[in-house]
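Observations on the model geometry
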Amino acid sequence: MLVQGISGIKTEKTRFKGAVLNVCAAVESNILLNKGITDIGGFVVPQAIMSNNKDEAAERVFKSMLYFIFTFVSPFLLLPLINKHFLSSYKIAEKLDNEQKRILEVSKKYLTKDGEHLKEGIKNTAEKLFHDRNKFDGIINRYSDLEELRKDLINVHTKIHAADFLTTNLMVAAIPWLGNAFTKYRTNRSGYSGTYKLADEEFTQKAAKKHDKSIKLRQIAAFSLAVLPAVTLPFLVKKGMLNNSENKIFKWFNKNADKFDYKDAIYMSRLTGLAMWITSDYFPYQLASRDKYEYRDCLIRGTSIGLVFWGGDLFLKKALSKLSDKIFNTKLTNPQTRKPYRLSDLKQKLDGLANLDNKTLKRTRNAGTALYIFNLLLVTASLGFGLPFMLNKLLKKSINKDKNNANFSADYSFIKGSEVFKDFYTKKGENIL
C-alpha cells in the first residue's frame, strides 16, 4: 500500500509538471498570447498596484484589457472569417471545411521557390497536421500548373496579412485615446491621471494646455502610423516570396519569409507583432500623452518594456539556458543553431532531443519550464514594480519642482532652461510688456 501510495504521488507530480509544460509551451509559441499574459501578469497587475492613485490604476487596467481583447481575442474571431473570404475569392478549394482551410498553415518558406517546392511543403504540412501526406491532394489536383497555386496562395497570404494589420493596428492605436476618454468621463479632470493626487485640477489643466492644442494633429499622426504597415510590409513579403527581384531588400524577405508565418493561421509571428507594436502601440501612446509628465512616462516605460519583450527576453533565455546546461547538465541549447529550444520543441523531442535518455530529457523539460516562469517573475519584479517605483519618484519630484517654480508655464515648459529663450520668462506678477 505504501509503495502504491508513493507511486501515485509520483504520477500526480509527473502529470502536474507535464500540464505546466503544456501550458507554458502553448503560451510561449503564441507571440500575442505570450505578450498578453506577460503584460497582464508581469506588467498590468503590478503596475496597477504601483500606480500613484486609483484613477491611474483603473486607467491602466482598462487599457490593458482592451489590448488583450484587440490583439488576442479579436484575431481569434476575425481571422478565420478573413481567411475563408480570401481563400473563397481565389477558389483554392472546392469546399472550405476546417481541414481545407488549414492549407494556410503551410509555411511561407515553401512559397519562395517554385511549384514543386510548394508541393513538397504541402505534403510535409499535411503529415504534420493530420499524419496524412495526401490530405491536401484535393487542392493540389485542382491546379494543372502548381506555379499558379503558388501565386494564388501568395496573393491570399498578402491580403490576409494586410487585412489583419489594418484591423488590429487601428484598434490598438485607439486604446490610449479610449483610455484617456474613460478617465475623463470617470473623473471629469484634465491631464495625466498619474498626477491627480499630486496636484490640483488647476495645475493639471495648465500642464495639459499645450498638448490639448495639438490633439487633432496627434490623432491623425497616430492613426496614419497605424495604417502604414498594412500598406507596406505585406507587399514587401509578397515581392520577396515571388523571388523575381535582385533587390537586396526583397532577397532578405525571400530568405526570411517564414518569420512572417501566422501560428495556426491566426496569430502574428514575433516579427509581425513587433511591427504592429511599434506602429500602433509604442509611438501612438506617446502621441496620446496629455502632458509632458505622461509623455516622459510613456517613453521610458514603453522603451523599457519593449527592449525586454522584443529581444531582452531572448537574450536572457539564451544566457540562462547555457548556464543551466553547464551546471545541471541539461540540453536546453540546440547544438546546431546554438539557440535555446522552445518549450514546444522540448515537448515534441525535436531535432537533437529525440536521442536523449528519459532522465536527461525530463531534467531538461523541467529546467526549461522553470526558466520560463523565472523569466516572468524577473520581468514582474523589475518592470512591474521596480520601473514604476522609479517613475513615481521622478514624477513626484517633477511635480513638486514645477509647483514651487514661479516660472512654470505649460505652454513653454519644453524650452525652459534654454539660453535662447531665457529672457522671455518673467517673474510671478511681472508684466512682460
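To keep things clear, this report deals only with the structure shown in the data block. (Residues numbered from 1 in each chain as written. Predicted model: local features only at pLDDT ≥ 70, side-chain atom pairs only at ≥ 80, totals over all residues. Heavy atoms only, no water.)

**Re the pattern of salt bridges**
To be explicit about the condition: Each reported salt bridge corresponds to a side-chain nitrogen of Lys or Arg within 4 Å of a carboxyl oxygen of Asp or Glu. Note on conventions: DSSP H or I runs of at least 4 residues are helices, E runs of at least 2 residues are strands, and numbering of each starts at the N terminus. With a 1.4 Å probe rolled over the protein chains alone, any residue whose accessible area is under 20% of its type maximum counts as buried; one over 50% counts as exposed, and the rest are partly exposed.
Taken as a whole and judged by the stated rule, the model has 16 salt bridges. Here Arg186 makes a salt bridge to Asp55, at a shortest N to O gap of 3.1 Å. Linking Arg186 in helix 6 (residues 146-187) with Asp55 in helix 3 (residues 54-89), this pair joins segments that are 131 residues apart in sequence. Residue Arg186 is classed as partly exposed on the basis of its relative accessible area of 38%. The partner of Glu59 in a salt bridge is Lys63, and the shortest N-O contact between them spans 3.0 Å. Here Glu59 and its partner Lys63 are both found in helix 3, 4 residues apart, which amounts to about one turn of the helix.

**A word on empty space enclosed by the protein**
For clarity, the threshold we go by: A 1.4 Å probe that fits but cannot get out identifies a cavity on a 1 Å grid over protein atoms alone, an open set with protein on both sides within 12 Å along at least five of seven lines counts as a pocket, and a residue lines either if it has an atom within 4 Å of a point. Grid points are joined across faces, edges and corners, and a volume is the space filled by probe spheres set on the points. Classes in brief: Ala, Val, Leu, Ile, Met, Phe, Trp, Tyr, Cys and Pro nonpolar; Asp, Glu, Lys and Arg charged; the others, Gly included, polar.
This model, assessed by the stated rule, comprises 2 cavities of 30 Å³ or more. As a volume, the largest cavity reaches approximately 510 Å³. Residue lining of the largest cavity: 24 residues in total, with Arg60, Asp281, Tyr285, Arg301 and Ile305 positioned closest to the centre. No other element matches helix 12 (residues 292-328), which puts 7 residues into the lining of the largest cavity. Among the residues forming the lining of the largest cavity, the class breakdown is 9 nonpolar, 5 polar and 10 charged. Contributing elements (two or more residues each) for the lining of the second largest cavity: helix 12 and helix 14 (358-403). Broken down by class, the residue content of the lining of the second largest cavity amounts to 5 nonpolar, 2 polar and 4 charged.

**Some remarks on unusual backbone geometry**
A positive phi angle, near 60°, is found at His131, a position not held by glycine. As for its placement among the helices and strands, His131 is situated in the loop between helix 4 (115-130) and helix 5 (137-141). For Asn243, which is not glycine, the phi torsion reads 60° and is therefore positive. Tracing the sequence through the fold places Asn243 in the loop between helix 9 (233-242) and helix 10 (248-255).

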